[in-house]
Amino acid sequence: MSVSDPIADMLTKVRNAVQARHEKVDVPTSRLKLEIVKILKTEGYIKNFKKIQEENKNVIRIFLKYDDANDSVIHGLEKVSKPGRRVYSGYKDLPRVYNGYGTLIVSTSLGVTTGKKASEKMIGGEVICKVW
């Protein structure tokens, strides 16, 4: 089945797995998805991830992270830039997520990075999603 927005599909799968309290979730692989998952790992939203080949399909297995009370570390995922409406922002105008407690993921000319790192490097780009 063809998906018109694979990044939104990945975020929805993660959001649904978190609501259902799953330990892991598999999403089809792409370079952009892999970079987003790496950022989620470094920012502490997921335990780990692994790129595996399963039945002639490459997938990213994302291991979700929960706290001591079995509540998810990810409270929300929101896709900002959509196929019908791309959202670009300069480094001065990058939005803040939950007053700095969340993470903004931005696709820049130097690769996919967080909003904080993009503004430190003084580069803007396409705002992909918000995580909190």
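Scroll up a little and you will see the structure.
None of the values given here were measured: they were computed from a predicted structure.

Caption draft 1: Summary view of the nonpolar core. Counting residues in each nonpolar core, the largest one holds 26 residues, and the members touching the most others are V14, I36, I62, L64 and I105. Here this core takes six residues from helix α1 (residues 6–19), the largest share from any one element. In terms of nonpolar packing, the next biggest core, distinct from the first, is built from nine residues, V80, L94, V97 and L104 among them.

Caption draft 2: Molecular detail of the side chain of S89. Within the secondary structure, S89 is located in strand β5 (residues 88–89). Engagement of the side chain of S89 in a polar contact is seen with the backbone oxygen of D93, the distance being 3.1 Å. Those residues in contact with S89 that sit more than four places away from it in its chain are L94, P95, G124, G125 and V127.

Caption draft 3: Here's a closer look at the sheet that holds strand β2 (residues 46–54). Pairing is antiparallel across the open sheet formed by three strands, whose spatial order is β1-β3-β2. The strands lining the two open edges of the sheet, one partner per strand, are β1 (24–28) and β2. With strand direction ignored, the average angle separating the axes of adjacent strands in the sheet is 25°. In this sheet, strand β3 (residues 57–64) lies alongside β1 in antiparallel orientation, the contact comprising five bridges. Residue D26 lies in a different strand from β3, and its bridge partner there is R61. Relative to the sheet, α1 contacts β1 and β3, its axis offset from that of β1 by approximately 165°.

Caption draft 4: Looking closely at the pattern of salt bridges. Following the criterion strictly, the structure yields five salt bridges and no others. Put simply, R61 and D26 hold a salt bridge, and the shortest N to O gap is 2.8 Å. Separated by 35 residues along the polypeptide, R61 in strand β3 and D26 in strand β1 bring together distant segments of the chain. In this structure R61 comes out as buried when scored by relative accessible area, which is 17%. With relative accessibility at 26%, the residue D26 sits in the partly exposed group.

Caption draft 5: Broad picture of the environment of K65. For K65, the position within the fold is in the loop between β3 and β4 (77–79). Each C-alpha atom of the pair K65 and S30 lies 22 Å from the other, and the pair is 35 residues apart in sequence. In this structure the side chain of K65 is engaged in a polar contact, spanning 3.4 Å, whose partner is the backbone oxygen of G44.

Caption draft 6: Broad picture of unusual backbone geometry. Not every positive phi belongs to a glycine, and N56 is a case in point at roughly 60°. Look at N56 and you get exposed, because its relative accessible area is 76%. Although it is not a glycine, N70 adopts a positive phi angle of roughly 65°. For N70, the location among the structural elements is in the loop between β3 and β4. Overall, the relative accessible area of 44% leaves N70 in the partly exposed class.

Rules used throughout
Residues numbered from 1 in each chain as written. Predicted model: local features only at pLDDT ≥ 70, side-chain atom pairs only at ≥ 80, totals over all residues. Heavy atoms only, no water. Core = buried A, V, L, I, M, F, W, Y, C linked by side-chain atoms within 4.5 Å. Buried < 20%, exposed > 50% of the residue type's maximum accessible area, 1.4 Å probe, protein only. Helix = DSSP H or I, 4+ residues; strand = E, 2+ residues; numbered from the N terminus. Polar contact = N/O pair within 3.5 Å; in protein donor to acceptor, adjacent residues only side chain to side chain. Contact = heavy atoms within 4.5 Å. Pairing = 2+ DSSP bridges. Axes fitted to C-alpha atoms, helices over the stretch in contact; angles between N-to-C directions. Salt bridge = Lys/Arg side-chain N within 4 Å of Asp/Glu carboxyl O.

Everything listed here is a matter of coordinates, which is why it stays silent on function.
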